[in-house]
2 protein chains.
Amino acid sequence: MPLPLQPYKGARDFYPPDKRLQKYMFGKWREVAERYGYEEYDAPILESLEIYQAKTGDEIVNEQTYSFEDRGKRQVVIRPEMTPTVSRMVAARRQELSYPLRWYSIPNLWRYERPQRGRLREHWQLNVDIFGIADSGAEYEIIVMVDDIFKTFGADSKMYEIRLNSRQLIDQALINYIGFSSNESRALSHLIDRKAKMDKSKFISAIDDLVSPKARASGKVEKLLALLDIDNLDNLPAMLKLHDSALDLKKMLRQLNQAGIKNTLFDISLMRGFDYYTGIVFEVYDRHPENNRSMLGGGRYDGLVGAFGVTPLPTVGFGWGDVTLANFLELHHLLPQIKTETEIYAVLLDDLEKSQAPIAKLRQLGLDLAVDWSNRKLGDQIKTANKKSIPYLLVIGRNELKNNKFTLKHLESSQEITGSLSELANHVIEERNNLKNKQ
Amino acid sequence: MPLPLQPYKGARDFYPPDKRLQKYMFGKWREVAERYGYEEYDAPILESLEIYQAKTGDEIVNEQTYSFEDRGKRQVVIRPEMTPTVSRMVAARRQELSYPLRWYSIPNLWRYERPQRGRLREHWQLNVDIFGIADSGAEYEIIVMVDDIFKTFGADSKMYEIRLNSRQLIDQALINYIGFSSNESRALSHLIDRKAKMDKSKFISAIDDLVSPKARASGKVEKLLALLDIDNLDNLPAMLKLHDSALDLKKMLRQLNQAGIKNTLFDISLMRGFDYYTGIVFEVYDRHPENNRSMLGGGRYDGLVGAFGVTPLPTVGFGWGDVTLANFLELHHLLPQIKTETEIYAVLLDDLEKSQAPIAKLRQLGLDLAVDWSNRKLGDQIKTANKKSIPYLLVIGRNELKNNKFTLKHLESSQEITGSLSELANHVIEERNNLKNKQ
């Protein structure tokens, strides 16, 4: 039976053009994260099953993880998300680390689910977290950074919107304002999280299934539906409008506005899937009509580090997947053309051995140079260079070696430059720098 | 029960200082690989079990892989090496790709084995392959590149040596010169591969166990032992010395010498663990007395792409793990001190909100800046900056905001610079560039 040529189902091979695009995206992510003082960390892709059972949504652990028993009978998981891992790492050095602690990572994450547009079985995800700030400065910084990343990719504020809500406000609304039990409230917030994906009658009957007959009879469901229609903090009922969580949200929207971020809105149905969020939560939505979906999200989760048995630590963070980012960039025509790094294709006409010295010299001078090594006709070797989109051709023959003068031919323009190796290198490096400055 | 604080056994957490070191190593790997015209690719960490059963050494698949059944009943493996994967990817686009094809990757690989110095259960491995060159130019280029990588890390040729052998020469020696059967030859080459780790009497009795009584009686074992003592191609028996494989090796050693690479030697016991090698094989050994072991290796494996049912493709490649590289750099004092990327620590004295504009401006100007956000005493905030080794402190108070003049204090030297935000940014960027040019 022939061996399979395709990658594992729902996962991706990255051929060089795909990898260059990924490197471009990761590079921008790193650049902005570091501009805000975040430092990169990493951890093994395998984790013990226990740390997910503690706090993550149940569905993920029970139905969607790649979990198995290793040869030493340990229960392990290919990590489905990074938050439990980063909490573990911070907890392990709770005393030594200094706060505020700013960390980011771009881990590969796996979930066993049906592959579909924007959701594969694996993706790479920018994870950014700030530890040790109880004040809303943390949320402010994180959201400003997310906005800065969008701008760095060339997006403008018409292309996306930042939606905010507060888990505390939701608890206050469901439990204290409407009067649901805390169990009902927890189940309802999971349901509300999926509201946008359901039609209205289905959503209402799902609510009816979740709450007690008594709650249904006393009009709580109607009160909830009315509440979910509110799209402005000022229209909340007085008891909620004056609650700290609503005032915090209002202040946050004002501060973001002051920072020039006006594509924000209050979204009372925004929950985030995980139960571990404790304060402000946010998501960024693509505004493109063909892709009107959440691209990334995060918020405050003050309890997770403490779950590892150390003194709790206020934390705000977000995760942003590479698949949703690539979809966004493509849809909004923000994907750059990224060519191969290789600058010179060397064709050796006569003496393979004697040609090695000038090749080594050009590399020493910092040029990226590939050698053909074949004895094919010159025309065929040039075809290969063209197919690989390598900009310059360097032909090394008897004369070039004798005179120590070489000619670089720019394949697209057919322009030629002749000179010593250093002169040629200076020329290519100057062009390279010009191109970089343009980007 | 408290949750575990440690990473999965035999695997590593990368705290920011560890990650910086990793990024330094990966950065040099990428830099040199691209200088030789190699392009980066990647693939999923999960692969189907089948592609390993085809060609890899049996021990790895049966005893050392992380393999399991997924929720869809597929047999999957967390990849223990990259070679089967890259062969699969090339085979899948055998016709479209243009040759010579130069690819590299830095995948994370997993093996279930007892953790020990230089061998964990996971590592990251530079994989470099060149496809489509039957000529020994491919081996030459690959070995020159490996040497160039060592030099780029600051190593000199006294610190390591490059050992070469040929699988064809070994087959010629064991089968045609000595007269072992091809089964005996295969088993013997696996044994010879472990020779350096065994004492001599154990090695000899292991040979006796492997070969037929007839072979033992006819003096073949003595002939083998005499052969394994030869450390110079010129001392080989005539029938081997004049074999193409020996002549190729001799030419290779001469060409490497001409390229200034003189720390090479012929090692007749060098086999490489995997059965898929078909021509020249090489390994690089650390010469440090405390770490006299193989650090990396590779060679020619012309059969693997063809095993996927497409036209075969000559291939030369090598793999180099991050753990052995880090050990080497540490032992030879080649590890640089790599500080945090963050350049400025901002302390906000009075108005948090009004302080955001100059902060945003400095980031726009390209500086990496972290904000403290706490209301702690100035001295405590400075302590945090020092603990994080951030070079500059920026204090933003009422006067700075009013006059639009700011002061940067270099924490180590206590030197201060006062000026507009652009002036400060120019100063820091100039220093940054000076530092880069020194490296």
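As the structure is a prediction and not an experimental result, all values here were calculated from the model.

Rules behind the numbers
Residues numbered from 1 in each chain as written. Chains lettered and ligands numbered in written order. Predicted model: local features only at pLDDT ≥ 70, side-chain atom pairs only at ≥ 80, totals over all residues. Heavy atoms only, no water. Phe/Tyr/Trp six-rings, centres within 6.5 Å; stacked < 30°, edge-to-face > 60°. Helix = DSSP H or I, 4+ residues; strand = E, 2+ residues; numbered from the N terminus. Buried < 20%, exposed > 50% of the residue type's maximum accessible area, 1.4 Å probe, protein only. Lys NZ or Arg CZ within 6 Å of the ring centre and 35° of its normal. Contact = heavy atoms within 4.5 Å. Buried area = accessible area lost by both parts, 1.4 Å probe. Salt bridge = Lys/Arg side-chain N within 4 Å of Asp/Glu carboxyl O. Polar contact = N/O pair within 3.5 Å; in protein donor to acceptor, adjacent residues only side chain to side chain. Nonpolar A, V, L, I, M, F, W, Y, C, P; charged D, E, K, R; others polar. Least-squares fit on C-alpha atoms with pLDDT ≥ 70 in both. Pairing = 2+ DSSP bridges. Axes fitted to C-alpha atoms, helices over the stretch in contact; angles between N-to-C directions. Expected span 1.5 Å × (residues − 1). Arc of directions from axis to C-beta. Left-handed = near helix turned anticlockwise from the far one by under 90°. Parallel < 35°, antiparallel > 145°, perpendicular 65-115°, else oblique.

Student: Teacher, can you tell me more about the packing of aromatic side chains here?
Tutor: The description of an aromatic ring pair uses the distance of the two centres, along with the angle that the planes make with each other. Summed over the entire model, instances satisfying the criterion amount to 40 aromatic pairs over all chains. With a centroid separation of 6.0 Å and an interplanar angle of 55°, the aromatic rings of Trp29 of chain A and Trp320 of chain A are classed as tilted. Taken together, the residues Trp29 of chain A in helix 1 (residues 16–35) and Trp320 of chain A in strand 12 (residues 315–321) connect sequence positions 291 residues apart. Its relative accessible area of 0% is what places Trp29 of chain A among the buried residues. A relative accessible area of 0% places Trp320 of chain A in the buried class. Members of the aromatic cluster, connected to one another through ring pairs, are Phe26, Trp29, Trp124, Phe150, Tyr160, Trp320 and Phe328 of chain A. One cation-aromatic arrangement involves Arg93 of chain A over Tyr15 of chain B; the distance from NZ or CZ to the ring centre is 3.5 Å.

Student: Hey, could you run me through the interface of chain B and chain A in this one?
Tutor: Taken together, the contact between chain B and chain A spans 97 residues of the former and 97 residues of the latter. Among the residues chain B hides against chain A, the three largest losses belong to Tyr15, Arg71 and Trp373 of chain B. Together they make up 10% of the total. In this structure, the connection of chain B to chain A is made through 14 salt bridges. For Lys23 of chain A, the salt bridge identified is with Glu40 of chain B, shortest N-O distance 2.5 Å. Linking chain B with chain A are 44 residue pairs in polar contact (both at pLDDT 80 or more), by the criterion used here. Partitioned by chemical class, the residues of the side of chain B that touches chain A number 45 nonpolar, 19 polar and 33 charged.

Student: Quick question: what am I supposed to make of the relation of the copies chain B and chain A here?
Tutor: Put simply, the second copy of the chain is the first one after a rotation about an axis and a shift along it. Rotating chain B by 180° and translating it 0.0 Å along the rotation axis places it on chain A, where the RMSD comes to 0.0 Å. What we have between these two chains is a two-fold relation. Nearest to the rotation axis, the C-alpha of Phe68 of chain B is located 3.4 Å from it, this being the minimum over chain B. Both copies present the same face, since 100% of the interface residues in chain B are matched by interface residues at the equivalent positions in chain A.

Student: Whenever I open this one, the sheet that holds strand 14 (residues 369–371) of chain B confuses me. Can you help?
Tutor: Strand-to-strand pairing in sheets goes through backbone hydrogen bonds, with the strands running parallel or antiparallel. Residues and elements named next belong to chain B. Read across the sheet, 5 strands follow the order 14-13-15-16-17 without closing on themselves; strand pairing throughout is mixed. Either end of the sheet is taken by a strand with one partner, and the two such strands are strand 14 and strand 17 (416–419). Each strand axis lies, on average, 25° off the axis of its neighbour in the sheet, ignoring direction. Where strand 13 (residues 344–348) and strand 14 come together, 3 bridges link them in parallel fashion. Counted as the bridge partner of Ala346 is Val371 from strand 14.

Student: Explain the pattern of salt bridges here, please?
Tutor: Charged atoms that come close allow side chains of opposite charge to pair. The tally for this structure, following the rule as stated, stands at 56 salt bridges over all chains. Among the ionic pairs, Glu122 of chain A bridges to Arg12 of chain A, the shortest N-O distance being 3.0 Å. Taken together, the positions of Glu122 of chain A in strand 7 (residues 122–131) and Arg12 of chain A in the segment before helix 1 put the pair 110 residues apart, joining distant regions of the chain. In this pair, the class of Glu122 of chain A matches that of Arg12 of chain A, namely buried. Between Arg300 of chain A and Glu139 of chain A there is a salt bridge whose closest N-O contact spans 2.8 Å. Here Glu139 of chain A lies in helix 5 (residues 137–152) and Arg300 of chain A lies in strand 11 (residues 294–300), a separation of 161 residues in the sequence. There is no split in this pair, since Arg300 of chain A and Glu139 of chain A are both buried. A single network of salt bridges, built from pairs that share partners, joins Lys19 and Lys23 of chain A together with Arg30, Glu34, Glu40 and Asp42 of chain B.

Student: Explain the pairing of strand 16 (residues 406–410) of chain A to me, please; I cannot follow it from the model alone.
Tutor: When a strand is regular, its side chains alternate between the sheet's two faces. Residue and element names in this part refer to chain A. Of the two faces of strand 16, only the one carrying Phe406, Leu408 and His410 is buried; Thr407 and Lys409 on the other face are not. Pairing geometry for strand 15 (residues 392–396) and strand 16, over 3 bridges, is antiparallel. In the sheet register, Tyr392 faces strand 16, and the bridge partner there is His410. The hairpin turn running from strand 16 into strand 17 (residues 416–419), its antiparallel successor, is 5 residues long, and Ser414 in that turn takes a positive phi close to 65°.

Student: What is the right way to look at helix 5 of chain A in this model?
Tutor: Residues separated by three or four positions in an α-helix point in the same direction, a consequence of the helix having 3.6 residues per turn. For helix 5 of chain A, with 16 residues, the first-to-last C-alpha span of 22 Å sits near the 22 Å given by 1.5 Å per residue. Note on helix 5 of chain A: the residue one or two positions beyond its end, Gly154 of chain A, has a positive phi of about 95°.

Student: What's the story with helix 8 (residues 200–210) of chain A in this structure? I'm lost.
Tutor: All names here are of chain A. Of the residues making up helix 8, those classed as buried are Phe203, Ala206 and Ile207. For helix 8, the angular spread of the buried residues around the axis is 105°, confining them to a single face. Residues of helix 8 that are exposed and point more than 90 degrees away from the buried face comprise Ser201, Lys202 and Asp209. Next to the buried residues of helix 8 lie helix 7 (182–193) and helix 10 (220–228).

Student: How should I be thinking about the packing of helix 6 (residues 167–178) of chain B against helix 10 (residues 220–228) of chain B in this particular structure?
Tutor: Helix-helix packing is characterised by the crossing angle of the two axes and by the distance between the axes. Residue and element names in this part refer to chain B. Packing of helix 6 against helix 10 brings their axes to within 11 Å, and their N-to-C directions diverge by 145°. Judged by the sense of rotation from one axis to the other, the crossing of helix 6 with helix 10 is right-handed. Residue-level inspection shows Ala173, Leu174, Tyr177 and Ile178 of helix 6 in contact with helix 10, the latter providing Lys220, Lys223, Leu224 and Leu227. Residue classes in the contact of helix 6 with helix 10 are distributed as 6 nonpolar, no polar and 2 charged.

Student: How should the sheet that holds strand 3 (residues 66–69) of chain A be read in this particular structure?
Tutor: All names here are of chain A. Here 3 strands make up an open sheet; going across it, the order is 2-4-3 and the pairing antiparallel. Edge strands, defined here as strands with exactly one partner in the open sheet, are strand 2 (46–48) and strand 3. Recorded for the sheet is a direction-independent mean angle of 35° between the axes of neighbouring strands. As defined by bridge partners, strand 2 adjoins strand 4 (residues 75–78) across 3 bridges and the pair is classed as antiparallel. Paired with Ser48 across the bridge in strand 4 is Val76.

Student: What is the right way to look at the environment of Ile178 of chain A in this model?
Tutor: Summarising the element assignment, Ile178 of chain A is placed in helix 6 (residues 167–178). Linking Ile178 of chain A and Lys220 of chain A, residues 42 residues apart in sequence, is a C-alpha distance of 6.1 Å.

Student: Sorry if this is basic, but what is going on with the packing of helix 8 of chain A against helix 10 of chain A here?
Tutor: All names here are of chain A. At a minimum axis distance of 11 Å, the contact between helix 8 and helix 10 shows a crossing angle of 135°. Considering the angle they form, helix 8 stands oblique to helix 10. For helix 8 against helix 10, the interelement crossing comes out right-handed. Residues Phe203, Ile204, Ile207 and Asp208 of helix 8 form the contact with helix 10, whose participating residues are Val221, Leu224, Leu225 and Leu228.

Student: Would you take a moment to explain the pairing of strand 7 of chain A for this structure?
Tutor: Residue and element names in this part refer to chain A. Counting buried residues along strand 7, 9 of its 10 residues qualify, which places the element largely inside the surrounding structure. Where strand 5 (residues 101–105) meets strand 7, 5 bridges bridge the pair, whose relative direction is antiparallel. Among the inter-strand pairings, Ser105 is bridged to a residue of strand 7, identified as Asn127. Two elements, strand 6 (residues 108–110) and strand 7, share 3 bridges in a ladder whose sense is antiparallel. Bridging across to strand 7, Leu109 finds its partner in His123. As judged from the 7 bridges shared by strand 7 and strand 12, these two strands associate in the antiparallel manner.

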